[in-house]
There are 2 protein chains.
Amino acid sequence: MRRYNYEKQVEKWDVLEVTADGHSDKNPFVDYKIHGTFTGKHETVTVDGFYDGEGVYKVRFMPSFAESYTFEVTGSAVDGEVLTGEFQVTPAGEGNHGSIRVANTYHFAYEDGTPYYSIGTTCYVWELQSDELIAQTLETLKNSAFNKIRFCVFPKHYDYNLGEPRSYPYEGTPMDSSVLTKENFLEYTGKTEGNHWDFERFNPAHFQHIEKCILALRDLGIEADLIVMHPYDRWGFSQMTKEQDDLYWKYVIARFCAYRNIWWALANEYDLFPKKTVEDWERYAKIICEKDPYNHLRSIHNCIPFYDHSRPWITHCSIQRQDLYKSSEYVNEWRERYKKPIVLDEIAYEGNIQHGWGNISPQEMVRRFWEAVCRGAYPGHGETYMNENDILWWSHGGVLHGESHKRFAFLHKIMCETPGIGLCPYEKCGWDEVCGTPEESTQKQSPVKDYYLFYYSFMRPSFREYHFDDESKFQVNVIDTWNMTIEDRGVFSGKFKVELPGREYMAVQIKRMK
Amino acid sequence: MRRYNYEKQVEKWDVLEVTADGHSDKNPFVDYKIHGTFTGKHETVTVDGFYDGEGVYKVRFMPSFAESYTFEVTGSAVDGEVLTGEFQVTPAGEGNHGSIRVANTYHFAYEDGTPYYSIGTTCYVWELQSDELIAQTLETLKNSAFNKIRFCVFPKHYDYNLGEPRSYPYEGTPMDSSVLTKENFLEYTGKTEGNHWDFERFNPAHFQHIEKCILALRDLGIEADLIVMHPYDRWGFSQMTKEQDDLYWKYVIARFCAYRNIWWALANEYDLFPKKTVEDWERYAKIICEKDPYNHLRSIHNCIPFYDHSRPWITHCSIQRQDLYKSSEYVNEWRERYKKPIVLDEIAYEGNIQHGWGNISPQEMVRRFWEAVCRGAYPGHGETYMNENDILWWSHGGVLHGESHKRFAFLHKIMCETPGIGLCPYEKCGWDEVCGTPEESTQKQSPVKDYYLFYYSFMRPSFREYHFDDESKFQVNVIDTWNMTIEDRGVFSGKFKVELPGREYMAVQIKRMK
């Protein structure tokens, strides 16, 4: 029994990593195992470790309590020897609220109870770009309101995405990509010819790099909505065998699950995989549920048909809009159907590329955001502006060229003013308006709400009339969601009229005074 | 037998009116009848006449052939005496193309075969306003692209419509309207108290005035889409008995059916009538089919649920959009379902009033127009801008305050470039574009079309690629539907790329060269 001294303290919800030298003969990714058990006063957690190359094995743990812990790490990798040690967990530092949980059916909060109002974006393979571009993306994110980003473990092959990634997840060599053009790339999608990978030997450097990126996001307060599988593939990573898939899933979980800002997105556009079946997705889900002791959020994203979001392992609906014209407008229906948080991870992207999913205006993007929020859901952004270098935020990160993202901090501030956690469609909402009221008050069936957030979308009323009760007093703000202004209109009661400017994209925020 | 000499000639599709002095005792509207039979070489038409007050009866006829006619008019109104005469019908003059017919399942043409591309507007009671306002409306219409207008025979009681009409359809007196306010008017909707009407005695002056207005429209080349019944009523006109309704319908048909520009709109928002049933609407339809020998177009307009537009007497679907967000986008579905022309008589109005149906932007209105046209349907306009005098185009006419109407002449010019009659959704249209091809070529199942009109709606592609075949040559125009510019991009063949400005509301018109 080797004994480790972990003098360094670790923060609650941070990562404690135990490193062990072990076998490097045979295939350490397959032929040897390692796992650890971490014990404090309030929890005992057993997790798998993983081979990190160069004869080194690692076991990672995220403690949930500020107290003393001990651990035991063992496995065939260390010939059954038991490595033990102890360490101290300190209280969570500033900005560390733990992982995101479903708080009240439709909404999220951090582990410590702080509401989490998701403002997502998508940069599919930002972390597989050059160091310089990655640094630029992180700088952009730092100055943005985004608190969630979707990205992939595997490289991406698609329009505007024909280059090679900085590294590959497996040992081996890729097909010759010099034959690819914007015209012929689809012919290579889903092909495996010309690639030579050992799907039983991971490339630890690929994953180590992704971990650095996950940590960098964590330090910016951004959730890493990790797309573990996707179909935009010319390397064969989307067409591995069951055994190879399972090996991959276990490796990914063992490496990443101790990071508090991880969300598991099983797939992007699961329905576009040529060979995966529902049984496959359900098997991956089973592996996650079994191997991730922290219960990070789990979702699966569609292209056209939704996955059955009522499956119990799915924590929230990760939705791509199914209609060219309506997206966020369906939130009410989806909330009722699934009774889970609705995250609109793709409602088209602001931009000007040729594809209809990537050329909506910033106004329309911001409109879809407000429409979603006031219906009690969480919208996601993406940006696809043509440029000389084919660096599109949606895939590569870099800088933002658009206008919608500038309006999200303003929206997020308004979201944070919701009493309790999250908005819910107001049951007496008119047919020609959208209105959110606190989820809380609705769950209590309060006849008068403490808070109303009306949104008029593309409509341009010159005034609106309101009548909630005859007793309460309400403070009324008129919000221009595009120009980001808030006008305090004073206090009203009974039936009252609010003058509006007859412009698009106006909201009326009404707070009951106590 | 009295013999009349009709020295005046009448144009084909104009109105020949026979006037007869007759009984003015008892109730001439009910107790006496008159009818006429008009005979030329190619047709014999029998129609009812009507009592026009002051002891005068009239029988009206619209001849369809340029030839000699004779007539016989008789009935109890003239004690069975037979009035005969003859007249000469001359060829149709300039701008006189006859009545509108359904030409090829989904589209309209005038009787003489000229395609009719409807650009409608709605001014519900423009003709019941002051002489001055009526003159202003006609002047506005004259300078517009509108070639159809929807309006009511009965006065309208609704928000912004609380004033009295210039005349009433019946003898009697209305309720005291000085009690009405914007706040309480709904309490009086559908009430009959305080009104004293003799529903068996029409006020001929009311109808004579409407006829003048129908003729004025005709002279401007505008179809009169006459809403014969509507529920926005405080006078009781929407709640008459069956017998009174039938009397009204027969009177209206006898008076108006000889005007070539008449369309019968049985109702506006038939589903809002408190007491009418499907049996009632079907009975009215039967009366029209029986009494109107010219088969003017017949429709019935919904508020929420559609009437069953598959009923054989319905010549075209007069649709109010059922969804706040999508309107013209449903055209493909409706075309397939009903196999009749789709006329979108209400897709919300450009304006800034408080109601969601009356405050869309001009951009959105023009977008809905193009979206409808490129899907093979006919959109309608309306305007509801707040103003000091509460004169809103949608009800009162007057002048236009908006921006959308300025774009309709441009659109109409493009519509007129369609080979054959009307557009049809292109069967190979992409999911992120709208495209119309000639109805004709589709009915012939041509693999390559002579004409394509692509529309990109709110999307903003920087380019699009097209490939129809490898042989044909195509002339390509890039159209900015909002700024009304057309750029000739030259001739292309095979697979080709068209650069676009990355703005909203662009169209690409592609004409096969012969």
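Residues numbered from 1 in each chain as written. Chains lettered and ligands numbered in written order. Predicted model: local features only at pLDDT ≥ 70, side-chain atom pairs only at ≥ 80, totals over all residues. Heavy atoms only, no water.

Turning to the overall build of chain A, a few remarks are in order. For chain A, the helix and strand inventory stands at eleven helices and 32 strands. Since a compact globule built from 514 residues should have a radius of gyration of about 24 Å, the 24 Å found for chain A is in line with a globular shape. With respect to the principal axes defined by its C-alpha atoms, chain A has extents near 80 × 60 × 40 Å. Counting over 514 residues, chain A shows a buried share of 64%. Long-range pairs, those at least 24 residues apart, make up 71% of the contacts in chain A between residues at least 6 apart in sequence. Taken as a whole, chain A presents about 19,000 Å² of accessible surface, with 48% of it coming from carbon and sulfur. (Helix = DSSP H or I, 4+ residues; strand = E, 2+ residues; numbered from the N terminus. Rg over C-alpha atoms; globule rule 2.2 N^0.38 Å. Buried < 20%, exposed > 50% of the residue type's maximum accessible area, 1.4 Å probe, protein only. Contact = heavy atoms within 4.5 Å. Areas by Shrake-Rupley, 256 points an atom, 1.4 Å probe, with all protein chains shown as cover.)

Residue and element names in this part refer to chain B. Strand order in the open sheet formed by eight strands is 19-18-17-14-13-23-21-20, and the pairing between neighbours is parallel. The sheet terminates laterally at strand 19 (298-299) and strand 20 (317-320), the two strands that pair on one side only. Direction of pairing for strand 18 (residues 262-267) relative to strand 19: parallel, over a ladder of two bridges. Residue Trp 264 lies in a different strand from strand 19, and its bridge partner there is Arg 298. (Pairing = 2+ DSSP bridges.)

Below, the discussion takes up the pairing of strand 5 (residues 44-48) of chain A. Residue and element names in this part refer to chain A. Residues of strand 5 alternate between two faces, with Val 45 and Val 47 buried on one and Thr 44, Thr 46 and Asp 48 left unburied on the opposite face. Bridge count for strand 4 (residues 35-39) against strand 5 is five bridges, and the pairing is antiparallel. The residue of strand 5 that forms the bridge with Thr 39 is Thr 44. Linking strand 4 back to strand 5 in an antiparallel pair, the connection comprises four residues.

The predicted model of chain A averages 96 in pLDDT, with 98% of residues at 70 or higher. Note on the complex model: pTM 0.96, ipTM 0.95. (pLDDT = per-residue confidence, 0-100.)

Below, the discussion takes up the side chain of A:Asn477. All names here are of chain A. With respect to the element layout, Asn 477 can be found in strand 29 (residues 473-480). Engagement of the side chain of Asn 477 in a polar contact is seen with the side chain of Gln 475, the distance being 2.7 Å. Excluding its chain neighbours within four sequence positions, the residues that come into contact with Asn 477 are Ile 486, Glu 487, Asp 488, Ala 507, Val 508, Gln 509 and Lys 511. (Polar contact = N/O pair within 3.5 Å; in protein donor to acceptor, adjacent residues only side chain to side chain.)

Below, the discussion takes up the domain arrangement of chain A. Residues and elements named next belong to chain A. Considered domain by domain, chain A is made up of domain 1 (2-90), domain 2 (100-402) and domain 3 (423-512). Listed per partner, the contact involves 16 residues of domain 2 and 17 residues of domain 3. Surface buried jointly by domain 2 and domain 3 totals about 1,400 Å² across both partners, of which 66% is contributed by carbon and sulfur atoms. A per-residue breakdown of the area domain 2 buries against domain 3 is headed by Arg 367, Trp 370 and Cys 374, which together make up 41% of the total. (Domains from an automatic or database assignment. Buried area = accessible area lost by both parts, 1.4 Å probe.)

Looking now at the packing of aromatic side chains. Evaluation of the coordinates by the stated rule reveals 131 aromatic pairs over all chains. On the basis of an interplanar angle of 35° and a centroid distance of 5.7 Å, the ring pair of A:Tyr466 and A:Phe496 is categorised as tilted. With A:Tyr466 in strand 28 (residues 463-467) and A:Phe496 in strand 31 (residues 495-499), this residue pair connects regions lying 30 residues apart in the sequence. In this structure, A:Arg407 is placed above the aromatic ring of A:Trp482, and the distance from its NZ or CZ to the ring centre is 3.6 Å. Directly above the ring of B:Tyr106 sits B:Arg335, whose terminal nitrogen or CZ lies 3.8 Å from the centroid. (Phe/Tyr/Trp six-rings, centres within 6.5 Å; stacked < 30°, edge-to-face > 60°. Lys NZ or Arg CZ within 6 Å of the ring centre and 35° of its normal.)

As a further point, take a negative patch on the surface. Residue and element names in this part refer to chain A. Together, Asp 25, Asp 31, Asp 79, Glu 200 and Glu 243 make up a region of like negative charge exposed at the surface. Position of Asp 31 relative to the elements: it lies in helix 1 (residues 28-31). Overall, the relative accessible area of 38% leaves Asp 31 in the partly exposed class. (Patch = residues over 30% accessible without salt bridge, like charges linked within 9 Å, V, L, I, M, F, W, Y side chains within 5 Å. Salt bridge = Lys/Arg side-chain N within 4 Å of Asp/Glu carboxyl O. Lys, Arg positive; Asp, Glu negative; His and termini not counted. Charge placed at Lys NZ, Arg CZ, Asp CG, Glu CD.)

Here we take up the UniProt feature "domain: DUF5060" (unreviewed entry) in chain A. Per the UniProt entry, the sites bearing "domain: DUF5060" (unreviewed entry) are residues 9-74 of chain A in this numbering. This span, residues 9-74 of chain A, is 6% helix and 50% strand, and a straight line between its end C-alpha atoms measures 22 Å. (UniProt positions renumbered as here; feature names shortened; annotations may be inferred.)

Residue and element names in this part refer to chain A. Remark: helix 8 (residues 362-374) packs on helix 10 (residues 408-415), axes separated minimally by 11 Å, with the N-to-C direction vectors making an angle of 10°. One element, helix 8, and the other, helix 10, form an angle in the roughly parallel class. Contacts between helix 8 and helix 10 involve Met 365, Val 366, Phe 369, Trp 370 and Val 373 from the first element and Phe 408, Phe 410, Leu 411, Ile 414 and Met 415 from the second. Here the contact of helix 8 with helix 10 is built from residues that sort into ten nonpolar, no polar and no charged. (Axes fitted to C-alpha atoms, helices over the stretch in contact; angles between N-to-C directions. Parallel < 35°, antiparallel > 145°, perpendicular 65-115°, else oblique. Nonpolar A, V, L, I, M, F, W, Y, C, P; charged D, E, K, R; others polar.)

The next subject is helix 5 (residues 242-256) of chain B. Residue and element names in this part refer to chain B. Compared with the 21 Å implied by 1.5 Å per residue over 15 residues, the 21 Å span of helix 5 between its first and last C-alpha is a close match. Within helix 5, twelve of the 15 residues are buried, which leaves it mostly tucked inside the rest of the structure. Along helix 5, the residues classified as buried are Gln 244, Asp 245, Asp 246, Leu 247, Tyr 248, Trp 249, Tyr 251, Val 252, Ile 253, Ala 254, Arg 255 and Phe 256. (Expected span 1.5 Å × (residues − 1).)

Of the residues lining the interface, 41 residues belong to chain A; the matching set on chain B comes to 41 residues. With both chains or domains summed, chain A and chain B bury close to 3,000 Å², and 57% of this area falls on carbon and sulfur atoms. Counting across the interface, chain A meets chain B through two salt bridges. With its nearest N and O atoms 2.5 Å apart, the salt bridge here joins A:Lys326 to B:Asp323. At the junction of chain A with chain B, the criterion picks out 20 residue pairs in polar contact (both at pLDDT 80 or more). Counting residues per element, the ones that place at least two in the side of chain A that touches chain B are strand 22 (350-351), helix 8 and strand 28 of chain A.

The subject of this paragraph is the relation of the copies chain A and chain B. Of the transformation placing chain A onto chain B, the axial shift is 0.0 Å and the rotation is 180°, giving an RMSD of 0.0 Å. The transformation relating the two chain copies, once decomposed into turn and shift, fits a two-fold axis. With an isologous cut-off of 70% or more, the 100% of interface residues of chain A that recur at the interface of chain B puts this contact in the isologous class. (Least-squares fit on C-alpha atoms with pLDDT ≥ 70 in both.)

Turning to unusual backbone geometry, a few remarks are in order. Residue and element names in this part refer to chain B. Positive phi is not limited to glycine here, since Asp 79 has a value of about 55°. Inspection of the secondary structure puts Asp 79 in the loop between strand 8 (68-74) and strand 9 (83-90). Note on Asp 79: relative accessible area 61%, which makes it exposed. Even without glycine at this site, Glu 269 takes up a positive phi of about 50°. Look at Glu 269 and you get buried, because its relative accessible area is 6%.

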